[in-house]
Number of protein chains: 2
Amino acid sequence: MIKEIREHRSVRKFKTTPVAADVLDEILLAGTRASNTGNMQVYSMIVTTERALIDRLAPCHFNQPCAMQAPVQITFCADINRFGCWCEQRDAMPAYDNFLWFMFAAGDAMLASQNVALEAEAHGLGICYLGTAVYNAERIAEILGLPRGVVPVTTIVMGYPDGDLPPLTTRLPLEAVVHREVYRDYSVTDIDRLWAEREASPETAQLLAENDLPNLARIFTERRYTAEANIAVSRAYFEYIKKQGFFNQ
Amino acid sequence: MIKEIREHRSVRKFKTTPVAADVLDEILLAGTRASNTGNMQVYSMIVTTERALIDRLAPCHFNQPCAMQAPVQITFCADINRFGCWCEQRDAMPAYDNFLWFMFAAGDAMLASQNVALEAEAHGLGICYLGTAVYNAERIAEILGLPRGVVPVTTIVMGYPDGDLPPLTTRLPLEAVVHREVYRDYSVTDIDRLWAEREASPETAQLLAENDLPNLARIFTERRYTAEANIAVSRAYFEYIKKQGFFNQ
């Protein structure tokens, strides 16, 4: 398996060492080599390294130490603005202000981000994805000056790892996420079997003790991603993408 | 740069040689190593190799030769079904039936797909992304038997390349998609400069001659992705994700 894929883990403790400009450019260039919709590249990568900006962005990422500590923060955005500008300048009528193109643009941004993650790791850097880019997209957009047609979809923080790399995290067995030929829905026995290893792990035992809850699933629903937060963020983000012009048609 | 990232191109002509099971599993396993939301793995990969199924799926991909020819087709889906089943079986209340979790699940699927693409290439395979997974998501879902909570977001076709690899495709200059510190919106001069190379290329000259149109932008807006199709697909896909239970809250 490609070394960077096999050894990928999220790194959340970084040295203050900056990332050299040529290394960073190579990483960003790797991002652009990913497949993208119609080779239109309807995404943007905002690379933030200035202390003052990182400090302003920190609350958007709930002041997670890694977001404050990492010397580089890249906000990946769906972007129909640039392509639309080009069309208008050429007397062509852009029609990307709709949900389909939000999907394509967000997808392009995600593929680019995965190349960036792997290429960063090839240079000895560590990275962590921050889903909080979606939680506080509108505030991030204000700080980064995003125009209409541009929406944050994910953030990667990046830097040289401080201390030992964390162990690889476990995954469900391959058969949990792979369906052969067609989708096979899960029986009660399947679900028990697929989660058995994770539920029996020492990590789970520790989480249950810390959270005073009877099982791992309830840690997810009652602690990590509560219904209340899910619904509030969901509505806010959807309203925001409409406001940014992805639901005009 | 990681070899597979640097040398990635879409391959659209495949030999009939099947992909060995152990190679395919290694590729799928690479998919699962990608970062994902809360390590919840809210995506599924449907691996289709049966001739009859590939033939039924072909019209969903507009009968593109590569979709009919490739021995392996992987449909990457946003999937809150599996995690939701587990929660319900553990007396935990899942609350993922909303747009936020569609975004997270679709994002997880995209990151997994990029690892799959690169790992496939490391094994000498060629791949092509098919955005048509979104165009005909509902019909694909019927053929693959996707339950509620599962939505196709992209498809990769895969096989051993037949003939020479196509040349690498060009990209806009790095400065077109990268913004330093904050977003710098594009001036008229910027747009002209960023597209200059592509507009002046022999490929563009050939396209203009073939399409009888005055510029490349109008090939995109009037031939490749028309407003009419964009709007129709956009509405259908949005209705479909609602129907699949991603807009209950």
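What comes next concerns the included structure. Quick caveat, the model's predicted, so the values are computed rather than measured.

**Thoughts on the state of the cysteines**
Phase 1: Under the counting rule described, the total for this entry stands at 0 disulfides over all chains.
Phase 2: Left unpaired, Cys60(A) is separated from the closest cysteine sulfur, that of Cys77(A), by 12 Å.
Phase 3: Take Cys85(B): it sits in no disulfide, and the sulfur closest to it among the cysteines is that of Cys87(B), at 9.4 Å.

**Digging into the nonpolar core**
Phase 1: Phe102(A), Met158(A), Tyr237(A), Phe102(B), Met158(B) and Tyr237(B) are the most contacted members of the largest nonpolar core, which has 162 residues in total.
Phase 2: Leaving out residues up to four positions away in the same chain, Tyr237(A) has contacts with Phe102(A), Val134(A), Ala137(A), Val151(A), Pro152(A), Val153(A), Phe99(B) and Met103(B).

**Comments concerning the pairing of strand β4 (residues 150-159) of chain B**
All names here are of chain B.
Phase 1: For β4, the buried fraction is high: 10 of the 10 residues fall into the buried class.
Phase 2: The pairing of strand β2 (residues 72-79) with β4 spans 8 bridges and is antiparallel. Bridge pairing links Ile74 to Ile156 in β4.
Phase 3: As judged from the 5 bridges shared by strand β3 (residues 126-130) and β4, these two strands associate in the antiparallel manner. Across the sheet, the residue bridging to Cys128 is Val157, located in β4.

**Let's talk about the interface of chain A and chain B**
Size of an interface, as often reported, equals the accessible area lost when the parts are brought together.
Phase 1: Facing the 114 residues of chain A at the interface are 114 residues of chain B.
Phase 2: A buried area of about 10,000 Å², summed over both sides, lies between chain A and chain B, and 62% of it is on carbon and sulfur atoms.
Phase 3: The interface formed by chain A and chain B holds 6 salt bridges in total.
Phase 4: A salt bridge links Arg90(B) to Asp192(A), with the nearest nitrogen and oxygen atoms 2.8 Å apart.
Phase 5: At 15 residues, helix α6 (residues 99-122) of chain A tops the list of elements feeding residues into the side of chain A that touches chain B.
Phase 6: Across the side of chain A that touches chain B, the residue classes tally to 64 nonpolar, 30 polar and 20 charged.
Phase 7: Pairing between strand β1 (residues 43-48) of chain A and strand β5 (residues 178-180) of chain B: 3 bridges, direction parallel. Following the sheet pairing, Met45(A) is matched in β5(B) by Val178(B).

**Structural notes on the packing of aromatic side chains**
Residue and element names in this part refer to chain A.
Phase 1: Applying the stated criterion across every chain yields a total of 42 aromatic pairs over all chains.
Phase 2: The interplanar angle of 65° and the centroid separation of 6.4 Å between the aromatic rings of Phe102 and Tyr237 together place this pair among those described as edge-to-face. Here the residue Phe102 occupies a position in helix α6, and Tyr237 occupies one in helix α13 (residues 227-246), the gap between them amounting to 135 residues.
Phase 3: Classification of Phe102 as buried rests on a relative accessible area of 0%.
Phase 4: Given the relative accessible area of 2%, Tyr237 is considered buried.

**Some remarks on the side chain of Glu181(A)**
Phase 1: Within the secondary structure, Glu181(A) sits in the loop between β5 (178-180) and α10 (188-199).
Phase 2: An unpaired buried charge is present at Glu181(A): no salt bridge exists, and Arg184(A), the closest side chain of opposite charge, is 7.1 Å distant.
Phase 3: Within the structure, Glu181(A) has its side chain in polar contact with the side chain of Thr49(B) (distance 2.6 Å).
Phase 4: Excluding its chain neighbours within four sequence positions, the residues that come into contact with Glu181(A) are Ile46(B), Val47(B), Thr48(B), Thr49(B), Glu50(B), Leu53(B) and Leu144(B).

**Brief notes about the relation of the copies chain A and chain B**
What connects the two chain copies is a rotation about an axis and a shift along it.
Phase 1: When chain A is fitted onto chain B, the two copies agree to an RMSD of 0.0 Å after a turn of 180° and an axial shift of 0.0 Å. In short, the pair behaves as if placed about a two-fold rotation axis.
Phase 2: A shared binding surface is used by both copies, with 100% of the interface residues of chain A retained as interface residues in chain B.

**Thoughts on the pairing of strand β1 (residues 43-48) of chain B**
All names here are of chain B.
Phase 1: Burial runs high along β1: 6 of the 6 residues are buried.
Phase 2: Residues Tyr43, Met45 and Val47 point to one face of β1 and Ser44, Ile46 and Thr48 to the other, with burial holding for every one of them.
Phase 3: As paired strands, β1 and β2 are joined by 6 bridges and run antiparallel to one another. Counterpart to Tyr43 in the pairing with β2 is Ala78.

**What to know about the packing of α10(A) against helix α5 (residues 81-89) of chain B**
Phase 1: As a packed pair, α10(A) and α5(B) sit with axes 10 Å apart at the nearest point and diverge in direction by 85°. Overall, the two elements α10(A) and α5(B) adopt an arrangement that is roughly perpendicular. Residues Val188(A), Ile191(A), Asp192(A), Trp195(A) and Glu199(A) of α10(A) touch α5(B), and the partners they reach there are Arg82(B), Phe83(B), Cys85(B), Trp86(B) and Gln89(B).

**With respect to the pattern of salt bridges**
Phase 1: Going through the model one piece at a time under the given rule, you end up with 26 salt bridges over all chains.
Phase 2: Between Asp25(B) and Arg180(A) there is a salt bridge, with the nearest N and O atoms lying 3.0 Å from each other. With Asp25(B) in helix α2 (residues 21-32) and Arg180(A) in strand β5, this residue pair bridges two chains.
Phase 3: Judged by its relative accessible area of 28%, Asp25(B) falls in the partly exposed class.
Phase 4: Judged by relative accessible area, Arg180(A) falls into the partly exposed class, the value being 38%.
Phase 5: For Lys242(A), the salt bridge is made with Glu239(A), and the minimal N-O distance between the two is 3.3 Å. Linking Lys242(A) with Glu239(A), this pair stays in helix α13, spanning 3 residues, or about one helical turn.

Conventions adopted
- Residues numbered from 1 in each chain as written.
- Chains lettered and ligands numbered in written order.
- Predicted model: local features only at pLDDT ≥ 70, side-chain atom pairs only at ≥ 80, totals over all residues.
- Heavy atoms only, no water.
- Disulfide = S-S within 2.5 Å.
- Core = buried A, V, L, I, M, F, W, Y, C linked by side-chain atoms within 4.5 Å.
- Buried < 20%, exposed > 50% of the residue type's maximum accessible area, 1.4 Å probe, protein only.
- Contact = heavy atoms within 4.5 Å.
- Helix = DSSP H or I, 4+ residues; strand = E, 2+ residues; numbered from the N terminus.
- Pairing = 2+ DSSP bridges.
- Buried area = accessible area lost by both parts, 1.4 Å probe.
- Salt bridge = Lys/Arg side-chain N within 4 Å of Asp/Glu carboxyl O.
- Nonpolar A, V, L, I, M, F, W, Y, C, P; charged D, E, K, R; others polar.
- Phe/Tyr/Trp six-rings, centres within 6.5 Å; stacked < 30°, edge-to-face > 60°.
- Lys, Arg positive; Asp, Glu negative; His and termini not counted.
- Polar contact = N/O pair within 3.5 Å; in protein donor to acceptor, adjacent residues only side chain to side chain.
- Least-squares fit on C-alpha atoms with pLDDT ≥ 70 in both.
- Axes fitted to C-alpha atoms, helices over the stretch in contact; angles between N-to-C directions.
- Parallel < 35°, antiparallel > 145°, perpendicular 65-115°, else oblique.

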